[in-house]
Amino acid sequence: MAAVLQKFLKDSGLYVFTTRDFMSRVRGGHNFTLIRFGPEPVLSHSDIMDGIIAFDEDSLVLHSEKLKKDGFLLCDSQYKTEDDRAISLDMLSLAKQIGNARTIGSIATGVILKLFNLQLLNLEDTLRKHIKEQYLEENKKAILTGYNLVENRYTLPAHEAKSQIILSGNQALAFGAIAGGIRFYSAYPMSPSTTILEYLSSKSVDANIVVEQAEDEIAAINMAIGASFAGAPAMTGTSGGGFCLKVEALGLSGMAEIPLVVANIQRPGPATGLPTRTEQSDLKFVISASQGEFPRMVIALRNHSDAFYQTARAFYMAKKYQIPVIILSDQYLADSYASIEPYDMEKVKYIQDIHSKVEYNPLDGEYLRYKITEDGISPLLIPGKTKNFVTADSDEHTERGWITESADVRNQMMDKRFRKLIKLKEELQEPEYIGEDSFETLFLGWGSTYGPISEAVKCLNQESPGTYAALLFGDIYPLPEKLLKEKVSQAKQIINIEQNATGQLAELIREKTSIVCDDSLLKYDGRQISVDEIVSYIRKGVRP
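Note that this is a predicted model, so its numbers are computed, not measured. (Residues numbered from 1 in each chain as written. Predicted model: local features only at pLDDT ≥ 70, side-chain atom pairs only at ≥ 80, totals over all residues. Heavy atoms only, no water.)

Draft legend 1. How the structure looks around the overall build of the protein. Scanning the protein for helices and strands turns up 19 helices and 19 strands. Against the compact-globule benchmark of 24 Å for 544 residues, the protein has a radius of gyration of 26 Å, which places it among compact chains. Expressed as lengths along the three principal axes of its C-alpha atoms, the size of the protein is roughly 80 × 60 × 40 Å. Per-residue burial for the protein yields a buried fraction of 56% across its 544 residues. Residue pairs in contact within the protein that sit at least 24 positions apart in sequence constitute 72% of those at least 6 positions apart. For the protein, the accessible area works out to roughly 24,300 Å², and carbon and sulfur atoms hold 49% of it. The centroid of the 59 positive side-chain charges in the protein is displaced by 1 Å from the centroid of its 72 negative side-chain charges. (Helix = DSSP H or I, 4+ residues; strand = E, 2+ residues; numbered from the N terminus. Rg over C-alpha atoms; globule rule 2.2 N^0.38 Å. Buried < 20%, exposed > 50% of the residue type's maximum accessible area, 1.4 Å probe, protein only. Contact = heavy atoms within 4.5 Å. Areas by Shrake-Rupley, 256 points an atom, 1.4 Å probe, with all protein chains shown as cover. Lys, Arg positive; Asp, Glu negative; His and termini not counted. Charge placed at Lys NZ, Arg CZ, Asp CG, Glu CD.)

Draft legend 2. View of the side chain of Thr126. Its location among the elements puts Thr126 in helix α5 (residues 123–130). With residues near it in sequence (within four places) discarded, Thr126 still touches Val4, Lys7, Phe8, Asp11 and Leu121.

Draft legend 3. Expanded view of the sheet that holds strand β15 (residues 441–446). The strand order across the open sheet built from 5 strands is β14-β16-β15-β18-β19, with neighbouring strands paired in mixed fashion. Both edges of this open sheet fall to β14 (432–434) and β19 (519–522), since each of them pairs with a single strand only. On average, adjacent strands in this sheet sit at an angle of 20 degrees to one another, irrespective of strand direction. Relative to β19, strand β18 (residues 493–498) runs parallel, the two being bridged by 4 bridges. Looking at the pairing, Asn496 lines up with Ser520 of β19. Relative to the sheet, helix α16 (residues 450–463) contacts β14, β15, β16 (468–473) and β18, its axis offset from that of β16 by approximately 170 degrees. Of the strands in this sheet, β15, β16, β18 and β19 are in contact with helix α19 (residues 531–539), which crosses β19 at around 145 degrees. (Pairing = 2+ DSSP bridges. Axes fitted to C-alpha atoms, helices over the stretch in contact; angles between N-to-C directions.)

Draft legend 4. Examining helix α8 (residues 194–202) more closely. Looking at α8, one finds that the buried residues are Thr194, Ile196, Leu197, Tyr199 and Leu200. Those residues of α8 that are buried lie in contact with α7 (169–179), β7 (184–187), α9 (204–207), β8 (210–213), β9 (234–238) and β10 (260–266).

Draft legend 5. Main features of the packing of aromatic side chains. Counting across every chain of the model gives 12 aromatic pairs. Ring centres of Phe243 and Phe285 lie 5.4 Å apart, and the angle between their planes is 85 degrees; this geometry places the pair in the edge-to-face category. Remark: Phe285 occurs in helix α12 (residues 283–288) and Phe243 occurs in helix α11 (residues 240–256); sequence separation between them is 42 residues. Phe243 sits in the buried class, given a relative accessible area of 1%. Ring geometry for Phe308 and Tyr343: centres 3.9 Å apart, planes at 10 degrees, overall stacked. With Phe308 in helix α13 (residues 304–321) and Tyr343 in the loop between β13 (337–340) and α15 (407–426), this residue pair connects regions lying 35 residues apart in the sequence. Looking at Tyr343, the relative accessible area reads 16%, which means it is buried. Taken together, the aromatic side chains of Phe37, Phe72, Phe116 and Tyr154 make up a single cluster linked through ring pairs. The ring of Tyr147 has Lys114 lying over it, and the distance from NZ or CZ to the ring centre is 5.0 Å. The ring of Tyr433 carries Lys487 above its face, with NZ or CZ at 4.0 Å from the centroid. (Phe/Tyr/Trp six-rings, centres within 6.5 Å; stacked < 30°, edge-to-face > 60°. Lys NZ or Arg CZ within 6 Å of the ring centre and 35° of its normal.)

Draft legend 6. Spatial organisation of the sheet that holds strand β6 (residues 165–168). Taken in spatial order, the 4 strands of this open sheet run β2-β1-β13-β6, and their pairing is antiparallel. A single partner strand is all that each edge strand has here, and the edge strands are β2 (32–38) and β6. For this sheet the average axis-to-axis angle between neighbouring strands, irrespective of direction, equals 15 degrees. The pairing of strand β1 (residues 15–21) with β13 spans 2 bridges and is antiparallel. Bridged to Phe17 within β13 is Ala338.

Here is the structure:
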């Protein structure tokens, strides 16, 4: 039902944001979906509801306290309630008359569209995208039945039709990988990263990608490294527990200087943790994962647009600097859907545009895979596409790639690898600044807290104009420091907002810049922080 309803809302010219809350138990439990929509961009969910569609008694009991006083509670007449906000309809009986009790969801969809005075645009096309052909007519009839059950109750602000796309965070990531030039993806299924594997697999023929479901996480990353060594831009994806198994091979990518993109879609840990919940607790882990020291880049995805552009950029950066690039997302962003502006392909940097040192001319002399260069980036050839002998080694090595234990060569190679960071830091994207030029309280956040924090700044500044602002990090390691230091110098108070128990971004900032946050709003119960929680936290007195 949620997928169909959000499509109708999007086709009506409204912005939509949808997130699910579901149990990891085989026998289920109380699962629900939150859909938020309006004429202005919607960046996250809200805890305060205008309406509830209840298909069981649990929904009546568990969510009614969050319903606005002038809201509505749509339920079947079999569930008895004394709530005067209830709209009780014989939806189940009507669904059975249509011939399929499961069409109750389509009846409810029709009711919602009529309550908000929205037209049934592209009815058959929308249903066909989500419902099998044999059930098409009965669901069409169910939506029309629901639409005629009620009268219009709410009037939305005037809005124009927009050319939008609607997709999940993991779909956006997968699209970004395709735009970035991916040719090989390997993964072992692990929630909440599995939908990347599923989506890329569904597009593998059209996009000319080899997609491999590996037997385990170790095999998955080693396959990706092998594919990259052979010249195919490669990515592997997992969640935190799977990333644990990948870290030795991550070091191989660093030592052998083989470009690699690793997507870590975070969930709460340690161990199995909460498999279907969200958290941001892997930041410090991925920054230091694998033994030894080697350059890497860590990018946190902030929203559904960012997921596309940053994933495409990850492939570019991995190849340009011949390093592993780690993408951090989380269950909230991965599984949520949002309607956004179509992607602008002119903003994508393509790996085909990387020419420096990669297209090595054999006439220049002997091919040295790990040639010591001023910027640390060595010539990279593809085996089988050159007459030169192409090598890679997990041991410390000479410029040719031969194993060595020379102290001098070790120092030279370590210095060479880390010189890559000098140029890489020049390409770092500064955190996005939200707010006016003048402010008093500065919020710091990263990744999927982007939406809740952005909305909280807007909401709080309506009450106290010019008081609140935020820096929201995407590029997170190496840490971009310029804008951070500039804005911190203006702030009377700094508050970090994170989905972990220890304030990992705040600790990283303190380590790299000596900047100390004055307070922290940390949430780690597996549920995403909301704009309402941030606003409530500030209203309780945490202010300059």
